[in-house]
Structure formats: structure tokens, C-alpha cells
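Remarks on the overall topology
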Amino acid sequence: MRPAKHLTRRLLLVLAAGALLAAVVVYAGGDEAEQQPPAAAPTTAPPPQPRIAAAAGPDACATVIGELTPRQRLAQLVVVGVDASDPQGTADLVRSEQVGGIFLGGNATALLENKALDQVQQAGRLPVSVAVDDEGGRVQRLDDLDGSIPSARKMAATMTTGEVRELARERGRAMAARGVTVDYAPVLDLTDGAAGDVIGDRSFSADPDTARRYAQAFAAGLEDAGIQPVLKHFPGHGHATGDSHKGSVTTPPLDELRENDLMPYRNLADFGSAAVMVGHLDVPGLTGGEPASLSPAAYQLLRGEFGFDGPVLTDDLGAMKAVTQRYPLPQAVVKAVQSGADQALWSSGGRVSTVLDAMEKATTDGTLPAERVTDALTTVLRAKHAC
């Protein structure tokens, strides 16, 4: 009797297993010969969101901010490097994350041709700042399209300030015609070092007055054309040791910078609508071992002693080892905005969702105070003439 019961139990188990397998096959959507891995869900671009009109009046910026989601407010505080050969991908990024700005590096030009940037602007609820770093000499982005312009050092050696302003005006008009709105130029760093050094011939002069006059002329020409200039690299890279692309950089002490490298930054109102880029520079007596771009004291110096109330952005947080050896990108972005930056830049692109997630978490736990976000966002929106 027991063997028969044992056989019956085994038979029932086999039949049950078979039934379960058949059920699984049916649930999987077909017979064994037709089974395939499940197809990925089709990806569709998010639906367009309503455009936010520019506002006027005493509460204009608050009105515009009120129309943004909390995540979109944070997204306005980042400038992301994009692939200039991929207009559609760039438009999709803006549409999905509503980033405040994009940066076009490298040699690709598709985004600068055939009105390709129009679709990028159409994807944003607010105007998107479109930046290049077109200084002249060895740092240019429009040279393949609109010809080359001289280095800053060569301009100062061979041209009058009036000629430099006219050159920058014409270059700015070419940028504007292609959809660019911001140029990370001119350089205010002071050096007479070898042309190929990290600053080198990107500097107009080692003399503070000469450098300031020529930088002011270049900035004025860009502004004449409707392009926002960006002065760099505060508080002064010209006499620093090292290259922030490769590692930590240390400047002379703050008291020495005040007598030299910082002198071109006096009376910044003379530079019109220019923004300022803060470099990854460790300044003895100021930054306490941190890069200036991540140091509250550096932003306080710029806002306080130098009285600057315009937009302030960081140098590249994603591809320069002076920062990347210390902090992962999301932490660096949070730290920069927390310290006083209005916009955080990373030219390497990507990781936008991860960065915004970190920023959201920081606002939730109070690491990134709401007042700091509102202050930065108001500055960014005013620079875009959105309020």
C-alpha cells in the first residue's frame, strides 16, 4: 500500500508541475517556439509644458518662480555640457529636465547651424542660456564656421581697445545669429608666462590696467551684440601654481592677490551685464584649502568687497581634477550653490537627473537652504530677462 501511495503522490506532483508550467507559458504570451524577451517599452518624449511668459513689476521674479516646480527651480541653476553634434538629444534634455543652460564645447557645430538651437529654446519653459567659450587664439568654438580671431595677448599687442571692441562686436553678432547667448570670455587673469601655459596667451597682459582695459573692450563688444560676457577666473589664475584641469591649484595669498590679480575686478559695474566665473583656486588666507568655486568666503569676497551683484557661475565641476579628486559631481554642485554660485557648470554633460536628485535631497534636509535657491534663481532669471 505505501509504495502505491508514494507513486500516486509523485504522479500528482508531476501533473501539478506540468499544469503550473503551462500556466506560466500561457501567461508569458505564447507557445515556447514564439517566446522572445519582453520588448522594451517605447520611449516617447515628455509632452511639451506651457511656456512661461516674461513678467514685469515688483513681484515679477516671484511670479515666474511660482510657475516652476521645485525641481525645475533647481534645474535653472545648472549649465550642462551637451553634444553639439546632436540637436535632437539636446532638445530632449531641455524638454525633460528644463535645465537653465547648456554649454557647447568641442569642435562639433551641428547645434550652431541651420537654426538648430531654435528647437532647444522651444523645448524650454523659460529661455535657455546657450554658452560657448570663444576667447580667441587656442580657445575658440566658432572658428570653423566664422573664422579665427587672435588670442587675447595678440589683441593687446597689435590692436587698440577700440579695434578689440569692434572685433568682439562682430564675433558677438555671429554668435547671436547662431543662437548663442553667453560667451565665457574675456579672461581677466594676469600673466606674461609662456603662451602655451594654462593661462598663457589667453591673458591680455600681466599689467592689471592693460588687462582690464582690453577685457573691458572685449566685454563691451560682446554686449553690443547682445551676448553676455563672462569674466574669468576669479579671484585670479595668472600667478597660481598648477593647472586646475590636472589637480589642485594654489594662488599667492589673498593680500598679494589684492595688489595684483584682483585689481582688474575693481568696479565691476564698468563691465555692464557681465557675469563672473569663479575658478577652482585655493587661496591662502581665503578659501581654507577648498577651491574658490566651492568656498563661501570666495563668493563673499566677490559680493562684498568687490560689490558684484550680477550672475556668478563656477568653472567646470565635472572634468577638472581640482574638484573631481575631492568630490563627486552631485556633491560638488550642491556645495557650489550652497556656497554662493548662481549656476553650476559641468562641461562633461550627463548625470543631470542624479545631480537634480541630490539638489532636491539637499533642499529637503536643509543643506541647501530655500533662501539660497530663491536668491540664485532670481539672479539667473533677471539675467535672462525673464523677470
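That block above? That's the structure.
The present account deals with the structure reproduced in this document. (Residues numbered from 1 in each chain as written. Predicted model: local features only at pLDDT ≥ 70, side-chain atom pairs only at ≥ 80, totals over all residues. Heavy atoms only, no water.)

Right, let's get into the state of the cysteines. Scanning the entire structure with this criterion turns up 1 disulfide. Two residues share a disulfide in this structure: Cys61 and Cys387, whose sulfurs sit 1.9 Å from each other. On the sign convention where negative is left-handed, the bridge of Cys61 and Cys387, at about 75° about the S-S bond, is right-handed. In this pair, Cys61 is assigned in helix H2 (residues 60-66) and Cys387 in the segment after helix H15 (370-383), connecting sequence segments 326 residues apart. (Disulfide = S-S within 2.5 Å. Helix = DSSP H or I, 4+ residues; strand = E, 2+ residues; numbered from the N terminus.)

With that out of the way, let us pick up the environment of Thr354. Along the chain, Thr354 turns up in helix H14 (residues 352-364). Put simply, Thr354 and Pro330 are 24 residues apart on the chain and 6.8 Å apart in space, counted from C-alpha to C-alpha.

Quick look at the packing of helix H8 (residues 161-178) against helix H9 (residues 208-224) now. Interhelical geometry of H8 versus H9 gives an angle of 35° and a closest axis separation of 7 Å. Judged by the twist between their axes, the crossing of H8 over H9 is right-handed. Judged by residue contacts, Thr161, Val164, Arg165, Leu167, Ala168, Arg169, Gly172 and Met175 of H8 engage Arg213, Tyr214, Ala217, Phe218, Ala220, Gly221, Leu222 and Asp224 from H9. Of the residues belonging to the contact of H8 with H9, the class tally is 9 nonpolar, 3 polar and 4 charged. (Axes fitted to C-alpha atoms, helices over the stretch in contact; angles between N-to-C directions. Left-handed = near helix turned anticlockwise from the far one by under 90°. Contact = heavy atoms within 4.5 Å. Nonpolar A, V, L, I, M, F, W, Y, C, P; charged D, E, K, R; others polar.)

Enumeration according to the criterion identifies 4 aromatic pairs in this entry. Between the aromatic rings of Phe234 and Phe306, the centroid separation amounts to 5.9 Å while the plane-to-plane angle is 85°, which identifies the pairing as edge-to-face. Of this pair, Phe234 sits in strand E5 (residues 228-234) while Phe306 sits in the loop between helix H11 (296-303) and strand E7 (312-314), placing them 72 residues apart in sequence. Like Phe234, the residue Phe306 is buried in the burial classification. Ring-pair connections join several aromatic residues into one group, and the members of that group are Phe234, Tyr265 and Phe306. (Phe/Tyr/Trp six-rings, centres within 6.5 Å; stacked < 30°, edge-to-face > 60°. Buried < 20%, exposed > 50% of the residue type's maximum accessible area, 1.4 Å probe, protein only.)

The subject of this paragraph is empty space enclosed by the protein. What the rule picks out here adds up to 1 cavity of 30 Å³ or more. Approximately 40 Å³ is the volume found for the largest cavity. Taken together, Glu135, Ala152, Met155, Ala185, Pro186, Val187, Arg202, Phe204 and Phe218 form the lining of the largest cavity. Class assignment of the residues belonging to the lining of the largest cavity gives a composition of 7 nonpolar, no polar and 2 charged. (1 Å grid on protein atoms, 1.4 Å probe; cavity = no way out; pocket = protein on both sides within 12 Å on 5 of 7 lines; lining within 4 Å. Points joined across faces, edges and corners; volume = space filled by probe spheres on them.)

The subject of this paragraph is the pairing of strand E6 (residues 275-278). Side-chain alternation along E6 places Ala275 and Met277 on one buried face and Val276 and Val278 on a second face that is also buried. Inspection of the sheet shows E5 paired to E6 by 3 bridges, in the parallel sense. The residue of E6 that forms the bridge with Leu231 is Val276. Relative to E7, E6 runs parallel, the two sharing 3 bridges. Directly across from Val276, in E7, lies its bridge partner Val312. A crossover connection joins E6 to the parallel E7 through H11; in handedness this β-α-β unit is right-handed. (Pairing = 2+ DSSP bridges. Right-handed = clockwise from strand over helix to strand, strands pointing away.)

This part is about the layout of surface pockets. In this model, the largest pocket occupies a volume close to 590 Å³. In this structure, the largest pocket is lined by 32 residues; those nearest its centre are Val182, Gln228, Val380, Ala383 and Lys384. Mapped by element, the contributors of at least two residues to the lining of the largest pocket are E5, E7 and H15. Considering every element that reaches the lining of the largest pocket, the biggest residue donor is H15, with 7 residues. Its boundaries defined by the atoms lining it, the second largest pocket holds a volume of some 450 Å³.

Between Ala185 and Pro186 the backbone carries a cis peptide bond, its omega angle lying at 5°. By the element assignment, Pro186 lies in the loop between strand E4 (182-183) and H9. With an omega of 0°, the peptide bond between Phe234 and Pro235 qualifies as cis. Counting through the fold element by element, Pro235 comes out in the loop between E5 and helix H10 (254-258). Phi at Lys115 is positive, roughly 60°, even though this residue is not glycine. Structurally, the position occupied by Lys115 is in the loop between strand E2 (101-104) and helix H5 (117-123). The exposure class assigned to Lys115 is exposed, which follows from its relative accessible area of 56%.

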